[in-house]
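Residue strings, one per chain:
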Amino acid sequence: MSLLNILRYPDPRLHKVAKPVTVFDARLKQLVADMAETMYDAPGVGLAATQIDVHEQIVVIDVSETQNALQVFINPKVVWSSEEKRVYDEGCLSVPGIYDGVERPAQVRVQALDLEGKPFEIAADELLAVCLQHEIDHLKGKVFVEYLSPLKRNRIKTKLVKEEKEMQRGQAKAAGAR
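Note that residues are indexed from 1 along each chain, following the sequence as it is written. Where totals are concerned, whole chains, interfaces and linings use all residues; where local detail is concerned, this predicted model gives features only for residues with pLDDT of at least 70, and gives and counts side-chain atom pairs only at 80 or more. With hydrogens and water stripped out, all remaining heavy atoms of the structure feed into the side-chain values.

Elements are defined by DSSP. Helices are runs of H or I of four residues or more, strands are runs of E of two residues or more, and each kind is numbered from the N terminus. Regarding its fold elements, the protein chain presents three helices and seven strands. With C-alpha atoms as the basis for the radius of gyration, the globule rule is written as 2.2 Å multiplied by the number of residues raised to the power 0.38. For 178 residues, the compact-globule estimate of 2.2 N^0.38 gives 16 Å, and the protein chain sits close to it at 17 Å. Categorising residues by exposure relies on relative accessible area from a 1.4 Å probe, with only protein chains included: less than 20% of the type maximum marks a residue as buried, more than 50% marks it as exposed, and the intermediate range marks it as partly exposed. By residue count, 41% of the 178 residues in the protein chain fall in the buried class. Residues are treated as being in contact if the distance between any of their heavy atoms lies within 4.5 Å. Long-range contacts, defined as pairs at least 24 residues apart, comprise 65% of the intrachain contacts of the protein chain with a sequence gap of at least 6. Working note: accessible area of the protein chain is about 9,700 Å², and carbon and sulfur atoms make up 52% of it. For the protein chain, the distance from the average site of its 24 positive side-chain charges to the average site of its 26 negative ones is 8 Å. Computed by Shrake-Rupley with a 1.4 Å probe, the accessible areas treat only the displayed protein chains as cover when residues are assessed. When charges are counted, Lys and Arg contribute as positive and Asp and Glu as negative, whereas His and the chain ends are disregarded. Where a charge lies is defined by one atom per residue type: Lys uses NZ, Arg uses CZ, Asp uses CG and Glu uses CD.

This is how it looks when you write it as structure tokens:
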């Protein structure tokens, strides 16, 4: 297994729409294993393939306290959502250090395929419902900050671009010192 590079907002690749998975093979299993390892290492509770610059409909989630309940969703889609909404403070591995309230349906039902290509359906509420909606948004090319006001979104973009430049300068300095 290996750790994968997570794209950072505002990288334009985060806005690419993922294609459905059609081949369920060893490559897919390895990709899911690498995604899970990357998510746990980050640490996070969910990761969509779009975030690692793989534009296929693959999501890994683990909302357990002990990080031992990995769930894999291939070609997931929300087939029902409650009218009741709830605001939840969301964060994202592609938007490090930023958390803000996003209003979403409180409950959802999601259909997906497992690693063998077998269909299943899951009903979710609380953190799992939020996480599923958040990760499925990634597959559609949408990042959670797009639910925020333009002012907040621009502040976040400016902050992350500045951090990225500072990191690159630090790396260049370190490389020059060798």
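Of note, the bond from Tyr9 into Pro10 is cis; its omega dihedral lies within 30 degrees of zero at 10°. Along the polypeptide, Pro10 turns up in the segment before helix H1 (26–41). With omega at -15°, the peptide bond leading from Ala42 into Pro43 counts as cis. Tracing the backbone shows Pro43 in the loop between H1 and strand E1 (46–48).

On to the environment of Glu163, then. Mapped onto the elements, Glu163 comes out in helix H3 (residues 150–176). Considered as a pair, Glu163 and Arg8 are 155 residues apart in the sequence and their alpha carbons are 11 Å apart.

On strand E2 (residues 58–61), burial covers both faces: Ile58 and Val60 on one face and Val59 and Ile61 on the other are all buried. Pairing between E1 and E2: three bridges, direction antiparallel. For Gly46, the partnering residue across the bridge sits in E2 and is Ile61. Any two strands with at least two DSSP-identified bridges between them are counted as paired. Pairing analysis gives four bridges linking E2 to strand E3 (residues 71–81), with the strands arranged antiparallel. Bridged to Val60 within E3 is Val72.

This brings us to the environment of Thr66. Tracing the chain through its elements places Thr66 in the loop between E2 and E3. The class for Thr66 is exposed, based on a relative accessible area of 56%. Here the side chain of Thr66 touches Asn68 through a polar contact of 2.6 Å, side chain to side chain. Nitrogen and oxygen atoms within 3.5 Å of one another constitute a polar contact, given that in protein one can donate a hydrogen and the other can accept it, and given that sequence-neighbouring residues count only through two side-chain atoms.

Our next topic: the sheet that holds E3. Taken in spatial order, the five strands line up as E1-E2-E3-E6-E7 in an open sheet, and their pairing is antiparallel. Unpaired on one side and paired on the other, E1 and strand E7 (119–125) mark the two borders of the sheet. Taking the axes of each pair of neighbouring strands and ignoring which way they run, one obtains an average angle of 40° across the sheet. Lines are fitted to the C-alpha atoms to define the axes, a helix being fitted only along its stretch in contact, and any angle between axes, read from their N-to-C directions, falls within 0 to 180 degrees. Contacting E1, E2 and E3, H1 crosses the sheet at an angle of about 40° to E2. The strands that helix H2 (residues 126–139) touches are E1, E2, E3, strand E6 (107–113) and E7; relative to E7, the one it contacts most, it runs at about 125°.

Right, let's get into the packing of aromatic side chains. Within 6.5 Å between ring centres, the rings of Phe, Tyr and Trp (the latter by its six-membered ring) count as paired, and their orientation is classed by plane angle as stacked under 30 degrees, edge-to-face over 60, tilted in between. Applying the stated criterion to the full structure yields one aromatic pair. Centre to centre, the rings of Phe73 and Phe120 are 5.6 Å apart; their planes meet at 45°, and the pair counts as tilted. In this pair, Phe73 sits in strand E3 while Phe120 sits in strand E7, placing the two residues 47 residues apart along the sequence. For Phe73, a relative accessible area of 0% gives the class buried. On the basis of relative accessible area, Phe120 is assigned to the partly exposed category, the value being 27%. Criterion for a charge above a ring: Arg CZ or Lys NZ at most 6 Å from the ring centre, at most 35 degrees from the ring normal. Between Lys142 and the ring centre of Tyr147, over which it is positioned, the NZ or CZ distance is 4.1 Å.

Moving on to H2. Because each turn of an α-helix spans 3.6 residues, side chains separated by three or four positions end up pointing in the same direction. Under the 1.5 Å per step criterion, the end-to-end length of H2 is 21 Å for 14 residues, consistent within 8% with the ideal 20 Å. The buried fraction of H2 amounts to 12 of the 14 residues, a majority that puts the element mostly inside the structure. Here H2 has its buried residues at Leu128, Ala129, Val130, Cys131, Leu132, Gln133, His134, Glu135, Ile136, Asp137, His138 and Leu139. Directly after H2, the chain includes Gly141, whose backbone phi takes a positive value near 85°. Each helix should span, by expectation, one fewer than its residue count multiplied by 1.5 Å.

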